[in-house]
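Structural description and commentary
This is what each chain is made of:
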Amino acid sequence: MDRKTFIKKSLTAVALAIPAYAVLSCSTSDDSEPAAAPPQSTGANCGTNGTSSAIGTNHGHNLVVSAADVSAGVDKTYNIQGSSAHMHSVTVSAAQFASLQNNQQITATSSSDSGHTHSITISCA
C-alpha cells in the first residue's frame, strides 16, 4: 500500500469512529451513574438545615430529607417519584442518619423500578 492510500484509509476510519464514540459516550441508559454531589457549604448542618439530594441519571425524581428526620435518626423509606412517570423508593438507615447527624455526606441506591435504579447522594444543607 502506498502512502496516499494509507492516509486516505486512515482518515476514513477516523471519520467513522468519531461519531460512533460520541454516541456511545453520551448514552444515559446506565442508571448506575453516580449522582453528582450537591455543593456543601462550610456551615452545613443536617440537624438544623436538613439536606440536599442529588439523584444520578435523574428524570424527575425528588428526595427531601428534613432536619426532623435527621434528628429522629431511625430507618425511614422515602417515595422519590417526584414528577417522574414511575416510582422508586429509597431507605435511609439509622446508621446513615447517624452520619448525617455528624454532617457527613451519604449515598444510597433506590429500589429497582421500571428496570433501573438510581444512585443518590445526600448532603447537609
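Everything numeric here is computed off the predicted structure, so don't read it as measured data. (Residues numbered from 1 in each chain as written. Predicted model: local features only at pLDDT ≥ 70, side-chain atom pairs only at ≥ 80, totals over all residues. Heavy atoms only, no water.)

Quick notes on the overall build of the chain
The number of helices and strands found in the chain is four helices and five strands. For the chain, buried positions account for 31% of its 125 residues. Per element, the accessible surface of the chain, about 7500 Å² overall, is 56% carbon and sulfur. (Helix = DSSP H or I, 4+ residues; strand = E, 2+ residues; numbered from the N terminus. Buried < 20%, exposed > 50% of the residue type's maximum accessible area, 1.4 Å probe, protein only. Areas by Shrake-Rupley, 256 points an atom, 1.4 Å probe, with all protein chains shown as cover.)

Comments concerning the nonpolar core
A general trend in soluble globular proteins is that nonpolar side chains are found buried together. Formed by 17 residues in total, the largest nonpolar core has its most connected members in Leu-63, Tyr-78 and Ile-122. Breaking this core down by element, the ones donating at least two residues are β3 (89-92), α4 (94-101), β4 (106-109) and β5 (119-124). The element that contributes the greatest number of residues to this core is β5, accounting for three residues. (Core = buried A, V, L, I, M, F, W, Y, C linked by side-chain atoms within 4.5 Å.)

Let's talk about the side chain of His-118
Mapped onto the elements of the fold, His-118 is located in the loop between β4 and β5. There is a polar contact of 3.2 Å between the side chain of His-118 and the side chain of His-116. (Polar contact = N/O pair within 3.5 Å; in protein donor to acceptor, adjacent residues only side chain to side chain.)

Examining the state of the cysteines
Think of a disulfide as a covalent bridge from one cysteine sulfur atom to another cysteine sulfur atom. Counting across every chain of the model gives one disulfide. Put simply, Cys-46 and Cys-124 are joined by a disulfide, and their sulfur atoms are 1.9 Å apart. The sign of the S-S torsion, about -95 degrees, decides the handedness of the disulfide formed by Cys-46 and Cys-124: left-handed. Of this pair, Cys-46 sits in helix α2 (residues 46-49) while Cys-124 sits in strand β5, and the two are 78 residues apart along the sequence. Neither Cys-46 nor Cys-124 differs from the other in exposure class; each is buried. (Disulfide = S-S within 2.5 Å.)

Points about the side chain of Thr-51
Residue position: Thr-51 is located in strand β1 (residues 51-55). The class of Thr-51 is buried, set by a relative accessible area of 17%. A distance of 3.0 Å separates the side chain of Thr-51 from the backbone oxygen of Val-65, its partner in a polar contact. Among residues more than four places away in sequence, those in contact with Thr-51 are Cys-46, Val-65, Val-70, Leu-100, Ile-122, Ser-123, Cys-124 and Ala-125. (Contact = heavy atoms within 4.5 Å.)

Topic: the confidence of the model for the chain
Of all residues in the chain, 70% have pLDDT values of 70 or greater, and the mean over the chain is 82. Note that pLDDT drops below 50 for residues 20-30; the model gives that stretch two contacts with residues more than four away or on any other chain. (pLDDT = per-residue confidence, 0-100.)

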